[in-house]
Amino acid sequence: MTTDVTTTSESVSTKKATRDIYLPAERKKVAGGGAAHIVAKDFSIHYGEFEAVKKVSADVLSKYVTAIIGPSGCGKSTFLRAINRMNDLIPSCYTSGSLLFDGEDIYGKYTDEVLLRKKIGMVFQKPNPFPKSIFDNIAYGPRLHGVSDKKKLLEIVERSLRKAAIWDEVCDRLDKNALGLSGGQQQRLCVARTLAVEPEVLLLDEPTSALDPKATAKIEDLIQELRGSYTIMIVTHNMQQASRVSDSTMFFYEGVLVEHASTAELFTNPKDPMTEDYITGRFS
Amino acid sequence: MNIGTRKILDRSFTAVGIGSIIVMALALMVVVVPIVSNGIGAIFFTGTVEHRKMLHAEFNRGERQNLASEVASSERYRTKVYEMLSAFDAELETMEPEKKAQYDSKYSQVKTALHALLGPLPGDMVPMLTRFKYGQTRWEKAEEKLHELLYESKWDNSNPDIMGKEYFVSRAVAFEGTSLAALFPYVKNNIEKMLLPEFTVYWGFITDSSVDSHFFGGIWPEIQGTFFLAMGAMLFAFPLGVIAAIYFTEYAKPGFLNSMLRSANSTLAGVPSIVFGMFGLAFFINTLRVSESKSVIAGSLTLAIMILPTIIRAAEEAILAVPKTYREASLSLGSTKWNTIATVILPAALPGILTGGVISLGRAAGETAPIIFTAAVSVGSAIGLADVFSSPTPALSWNIYNLASEHEAAAQIRHVQYGMVLALVTIVLLLNLSAIVLRARISKKLKG
Ligand SMILES: Nc1ncnc2c1ncn2[C@@H]1O[C@H](COP(=O)(O)OP(=O)(O)OP(=O)(O)O)[C@@H](O)[C@H]1O
Ligand SMILES: [Mg+2]
């Protein structure tokens, strides 16, 4: 681990110049942020014969928000799920190239994927609460990682639910089954459940696609709040949302990372004509 | 398709559906009604003083005082019968040998019938078998025996083209002119006073052990044996089956060996149960020598092998039906694979797993063939828990078959057989019902 940290700082210094293009210009910079937290190098993901993500190279900066946009089926979810190795569940799926987290190879032979997933939390495209009570859903992660004190758990549960802007709606029915919540509530519950583990990285796969504008605004506020303490990656189909909440944006097209730049740059001055077509809605 | 046709189709399908359900319900009634109405007769019936005597002597049950006065009152009427018999005995002594010989066999028939009706006659030797120590304990049987006493059954074979026809001849006529002639009307008129029929509720049928191979007493040894066998089978098969299912669904690498194992498992589920019975004898008793000969443990193991494929399949299906998203959610929170299985997958699959388990339990309780060679005996007392490794046991399924086909006095104790059928059906139905309730409760908890 310690040796890895030195390699990281090395790579950080050598990549300084390239990394700066991802950073927001006008926005407040985050203190202590901006190190390359996740680094992809020629990283490809295959489903059997099919190459869903093709030779992606990119740095994801720590404590900033990175948005991933692109048309449906372009590999956004696949890429995101690769980061905490959720694709391991798909037998036909394999990767090539390298993907580093904190300088360590995510797909390394000796990587503990359980520990990795604890550090890299994920909220899935479809809400997936457990068929347990709301309380047990949130407490699942903390319990897993050794918290058993009831009072402490309740504290964590409340804090997480508050952060995910759902506390007021569920505080009087924590013992009720989470499947009884509406889709939007379930999604926020899943956000809270992920936050309860206190990961370093938050992967959000279209977290607001099932939410009404009010709840969406709450999630966006939450992202703003978490920015600076977590590294956040968010997949979204909503350009406004990407431009509102993210510091840098990746545009994927058919598995290729077409463009990755600071959000302001990408939306106002896209380098690639394809990006321009997509963000202006001229895409067929 | 236009709306009209669609509606007609819907309606006709509804009609067909309702029709088939009605047919099913009727078929069920045809099975269940006789089982219940006959089986209930083992517990609720009109019992005679002989039944109460038997209960007192064999099970030390009933009020001594009450019984004594009942017996005294019945004896008062019986004495007259016995007096008539001795009077006729004396009369026989005075007869000429030819005339005497004419009465001999008929008289012994009368005495046999009287013995059957009222129990041993004064001067008879104390019978060896308990069944001969008492008269008729059930009123409906007593009425049959009374008829046998009053009438001799004869067969009319005069017309060779049709089957012989039974007809009855009054025995009183045969003894016309002797002192015994008065016995028949006397017994007929005073039978109730001699037997004191009374509505009886005999719960002991469930909790008593049998006396003289089910002639009297209850079926507790069978119920307990069934319980031991089925529970023993579950004890082996359930954990094993669930573990195997977890392995198949979560750990096994897909491939030739895996699919072979799975189809072998499916095939095993369809093997006739008698094959398991033979296998159990050959493997558990002759090869592994889990016991010297038949024993509960050997039977349980055999039943376990029989129900294992069903449990595995049910558990597999239940586990596969758990949404993949639960697994993803758990893993993404940093849970290990095993922890995910234990805390998310299995709880969610529990209703299905338990249903499979309970239905298998019912099957284990009901099967006959697997225990014929491995565990069942037709007569025996209830065994203790410590004896399961060495003793065979009676069991409901096997004893129903035994009473129906092999028991030497099957016709006289039909009510016991029906009682056993009812007990077995009730046990299996209760198990299935509990499976349904359990499933509903857990599902409700899971669905919120
Ligand atoms: N389990 C799988 N097996 C095979 N192919 C898959 C699998 N999952 C996804 N794919 C394919 O990989 C490609 C990328 O899918 P992915 O889910 O990453 O798209 P996406 O960008 O997230 O789309 P959306 O915006 O609709 O969520 C698609 O062509 C999809 O068909
Ligand atoms: Mg997606």
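Attention here is on the structure that accompanies the text. Bear in mind that the values here come from a model prediction, so they are computed numbers and not experimental data. As a convention, each chain's residues are numbered from 1 in the sequence order in which they are written. Note on labels: chains are lettered from A, ligands numbered from 1, in written order. In keeping with the predicted nature of the model, local features appear solely for residues at pLDDT of at least 70, side-chain atom pairs appear and are counted solely at 80 or more, and the whole-chain, interface and lining totals rest on all residues. Excluding hydrogens and water, the side-chain figures rest on all heavy atoms present in the structure.

### A short note on the side chain of Arg193 of chain A
1) Next: Positionally, Arg193 of chain A belongs in helix 8 (residues 183-196).
2) Next: Accessible area is worked out with a 1.4 Å probe on protein chains only. A residue is then buried under 20% of its type maximum, exposed over 50%, and partly exposed in between. His is not counted, nor are the chain ends; Lys and Arg add positive charge and Asp and Glu add negative charge. Whenever a carboxyl oxygen of Asp or Glu lies within 4 Å of a side-chain nitrogen of Lys or Arg, that contact is scored as a salt bridge. For the buried Arg193 of chain A, which has no salt bridge, the nearest side chain bearing the opposite charge is Glu328 of chain B, at an N-O separation of 8.7 Å.
3) Next: In what follows, a contact means two residues having at least one pair of non-hydrogen atoms within 4.5 Å. Excluding its chain neighbours within four sequence positions, the residues that come into contact with Arg193 of chain A are Asn128, Pro129, Phe130, Asn137 and Ile138 of chain A together with Ala329 and Leu333 of chain B. The way it works is that DSSP assigns letters per residue, a run of H or I at least four long becomes a helix, a run of E at least two long becomes a strand, and they are numbered from the N terminus.

### Considering the interface of chain B and chain A
1) Next: Taken together, the contacts link 21 residues of chain B with 25 residues of chain A.
2) Next: Values labelled buried area give the accessible surface lost by two parts on being combined, using a 1.4 Å probe and summing over both. Where chain B abuts chain A, roughly 1,900 Å² becomes buried across the two surfaces, and 65% of that area is made up of carbon and sulfur atoms.
3) Next: Contact with chain A buries area across many residues of chain B, yet Glu328, Ser332 and Leu333 of chain B alone supply 34% of it, more than any other trio.
4) Next: Counting every contact that joins chain B to chain A gives one salt bridge.
5) Next: With a closest N to O distance of 3.0 Å, Arg81 of chain A and Glu328 of chain B form a salt bridge.
6) Next: Distance and chemistry together define a polar contact, namely a pair of N or O atoms within 3.5 Å, with one atom able to donate a hydrogen and the other to accept it when in protein, and with adjacent residues in sequence counting only for side-chain atoms on both sides. The tally of links between chain B and chain A comes to seven residue pairs in polar contact (both at pLDDT 80 or more).
7) Next: When residues of the side of chain B that touches chain A are traced back to their parent elements, those giving at least two are helix 13 (324-332), helix 14 (337-366) and helix 17 (414-447) of chain B.
8) Next: Lys, Arg, Asp and Glu make up the charged group, whereas Ala, Val, Leu, Ile, Met, Phe, Trp, Tyr, Cys and Pro make up the nonpolar group; the residues left over, Gly among them, are polar. Of the residues contributing to the side of chain B that touches chain A, the split by class is seven nonpolar, 10 polar and four charged.

### Details of the pattern of salt bridges
1) Next: Under the criterion given, the structure shown has 22 salt bridges over all chains.
2) Next: In this structure, the salt-bridge partner of Glu265 of chain A is Lys271 of chain A, at a minimum N-O distance of 3.1 Å.
3) Next: What makes Glu265 of chain A partly exposed here is its relative accessible area of 29%.
4) Next: Of the charged contacts in the structure, one is a salt bridge between Glu148 of chain B and Lys145 of chain B, with a shortest N-O distance of 3.8 Å. Taken together, the residues span about one helical turn, with Glu148 of chain B and Lys145 of chain B both in helix 5 (residues 139-150) at a distance of three residues.

### A look at helix 3 (residues 76-83) of chain A
1) Next: Along helix 3 of chain A, seven of the eight residues are buried, which leaves the element largely enclosed by surrounding structure.
2) Next: For helix 3 of chain A, the complete set of buried residues consists of Lys76, Thr78, Phe79, Leu80, Arg81, Ala82 and Ile83 of chain A.

### Quick look at a nonpolar patch on the surface
All names here are of chain B.
1) Next: A surface patch of nonpolar side chains, amounting to about 1,100 Å² of accessible area, comprises Leu28, Val30, Val31, Val32, Val36, Ile40, Phe44, Phe199, Val201, Trp203, Ile206 and Trp220.
2) Next: Looking at the nonpolar patch, the elements that each hand over two or more residues are helix 1 (3-39) and strand 4 (198-201).
3) Next: Counting residues per element, the nonpolar patch draws most heavily on helix 1, at five residues.
4) Next: The topology assignment puts Phe199 in strand 4.
5) Next: Here Phe199 falls in the exposed class, since its relative accessible area comes to 58%. Each patch is assembled from residues with relative accessible area greater than 30% and no salt bridge, linking like charges that lie within 9 Å and nonpolar side chains (Val, Leu, Ile, Met, Phe, Trp, Tyr) that lie within 5 Å. Computed with the Shrake-Rupley method and a 1.4 Å probe, the accessible areas treat only the protein chains shown as cover for residues.

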